[in-house]
Amino acid sequence: MADSAIRLGIIGLGQQGGMYAGLITEGRVPHMTLGAICDTDPAKREKIRATYPGVPVHEDYQAMLASGDVDAVVTTVPHYLHPEMGIAALSQGVHALVEKPAGVYTRQATGLIELAATKPELTFGIMFNQRMNPLYQRLQQIVASGEIGRVLRSHWTITTWWRPQGYYDSSAWRATWGGEGGGVLVNQAPHQLDLWQWICGVPQKVYAKLGYGVNRDIAVENEVTALVDYGDGVTGTFVTCTYDIAGTDRFEILGDQGKIVVEDSKRAVVTRLRKPEAELSAGMGMGDVMRLFTGEVDLDTLYTQETIELESPFGQQHADVLENFALNVLDGTPLVAPGADGIHGVRLANAIHLSSWLDQEVALDFDERQYLDLLNERIRAEGLFPAREG
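Residues numbered from 1 in each chain as written. Predicted model: local features only at pLDDT ≥ 70, side-chain atom pairs only at ≥ 80, totals over all residues. Heavy atoms only, no water.

## Here we look at the overall build of the protein chain
Part 1 of the argument: Across its full length, the protein chain carries 13 helices and 15 strands.
Part 2 of the argument: For the protein chain, the C-alpha atoms occupy an extent of roughly 75 × 55 × 40 Å along the three principal directions.
Part 3 of the argument: Counting only residues that meet the buried cut, the protein chain has 50% of its 390 residues in that class.
Part 4 of the argument: Sequence separation of at least 24 residues holds for 70% of the intrachain contacts in the protein chain that already meet a minimum separation of 6.
Part 5 of the argument: A total accessible area of about 17,000 Å² is found for the protein chain, and carbon and sulfur atoms account for 50% of it.
Part 6 of the argument: Charged side chains of the protein chain number 31 positive and 50 negative; the gap between the two group centres comes to 2 Å. (Helix = DSSP H or I, 4+ residues; strand = E, 2+ residues; numbered from the N terminus. Buried < 20%, exposed > 50% of the residue type's maximum accessible area, 1.4 Å probe, protein only. Contact = heavy atoms within 4.5 Å. Areas by Shrake-Rupley, 256 points an atom, 1.4 Å probe, with all protein chains shown as cover. Lys, Arg positive; Asp, Glu negative; His and termini not counted. Charge placed at Lys NZ, Arg CZ, Asp CG, Glu CD.)

## Structural notes on unusual backbone geometry
Part 1 of the argument: A cis amide bond links Lys100 with the next residue in sequence, Pro101, at an omega value of -10°.
Part 2 of the argument: As for its placement among the helices and strands, Pro101 is situated in the loop between strand E5 (95-98) and helix H5 (106-117).
Part 3 of the argument: With phi around 60°, Asn215 is a residue other than glycine that occupies positive phi space.
Part 4 of the argument: Counting through the fold element by element, Asn215 comes out in the loop between strand E8 (205-212) and strand E9 (221-231).
Part 5 of the argument: In this structure Asn215 comes out as exposed when scored by relative accessible area, which is 58%.
Part 6 of the argument: Positive phi outside glycine occurs at Asp264, with the angle close to 60°.
Part 7 of the argument: Mapped onto the elements of the fold, Asp264 is located in the loop between strand E12 (258-263) and strand E13 (267-273).
Part 8 of the argument: Taking the relative accessible area as the measure of exposure, Asp264 reaches 36% and is therefore partly exposed.

## Describing the sheet that holds strand E1 (residues 6-11)
Adjacent strands of a sheet pair through backbone hydrogen bonds, lying either parallel or antiparallel.
Part 1 of the argument: In spatial order, the strands read E3-E2-E1-E4-E5-E6; together these six strands make up an open sheet with parallel pairing. Every interior strand has two partners, whereas the edge strands, strand E3 (57-58) and strand E6 (124-126), have only one. (Pairing = 2+ DSSP bridges.)

## Brief notes about the environment of Glu277
Part 1 of the argument: Looking at the element boundaries, Glu277 is found in helix H9 (residues 277-282).
Part 2 of the argument: Looking at Glu277, the relative accessible area reads 45%, which means it is partly exposed.
Part 3 of the argument: Sequence spacing of Glu277 and Asp256 is 21 residues, and the spatial spacing of their C-alpha atoms is 5.7 Å.

## Describing the sheet that holds E8
Part 1 of the argument: Spatially, the nine strands line up as an open sheet ordered E14-E13-E12-E11-E7-E10-E9-E8-E15, and their pairing is mixed. Bordering the open sheet on either side are strand E14 (303-309) and strand E15 (362-363), each of which pairs with just one other strand.
Part 2 of the argument: As defined by bridge partners, strand E7 (residues 151-158) adjoins strand E10 (residues 234-241) across six bridges and the pair is classed as parallel. Bridging from a neighbouring strand, Ser154 pairs with Gly236 of E10.
Part 3 of the argument: Strands in contact with helix H8 (residues 190-200) are E7, E9, E10 and strand E11 (249-255); relative to E7, the strand with the most contacts, it is inclined by about 165°. (Axes fitted to C-alpha atoms, helices over the stretch in contact; angles between N-to-C directions.)

Now the structure itself:
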């Protein structure tokens, strides 16, 4: 297998597709070669031929799938197209790596995931590159192993997604219900929605308040405050926006035997209690509390703290997802980001939207038809794109 490599076809050579082409041609994905590229823009196709001589260039993805030039494809295109192209690839026996999100609405993403389940011989992955961040991999292991006990509460403030008006004006499909399917929840925040659920679990219900076009001339949400309920008294909150130029990235996970605090997705302080919190509480009287508050008690007798800082060079996470995907095709190496996991972020984003539209708490097994009907109402009101089908 050492000398084996799969041929990747890139659908759409914009910023993201160009990044993947660069990673492959630079040799940063050892078991992958650039098989072909397709783009509907004639000017881009000419540029592709000049930049990547010898690489086949196609006008559309269907032609590329039928060409025999590729073993797998990656879908670096607008969100609504991810499921359609993933289904087309898998249907023609081509492995599929879809960009996030797996779809704009659950009925769309489920169609792709169900089709993939009938093709176990093919690899179906999703570009959740943050799962390759060594810091979050370590934290996922800590939580999964029970080192901080049962998770009681989690909170993520991620407001480092500042975008100026010029960003939204750069393309007609940006920040529209019909072109993008939403705002920060489907564009900037899917990685955090995935990591949150990957580490802390999938919630049962959500209640959310959203701001639409806050300080920006757009129709979709660019501010989110969501409260989720996991059952058994376990809760979580998620806050994000795209108009905070100073930005904050802070992720806290509280367990009954410890706590994790992550700053800027770069460093984490892990607190491990020497005894479960309930046991510490039961064993302390008011005298002990006073000694604690006045500093007479050495906190090292109650818990230990570890600071974790792990490097994640720019582009390495994406290269690692591509390599992991290639190895799964070649020898069955387990996927870090299986495509089926993409439904969790889509479902949570949809539930957050629906809670805001209905102004009520929404279960994660919400009425998918109701969501699509309300989404289509917003698409029709824009008058820019056709309504979506289930």
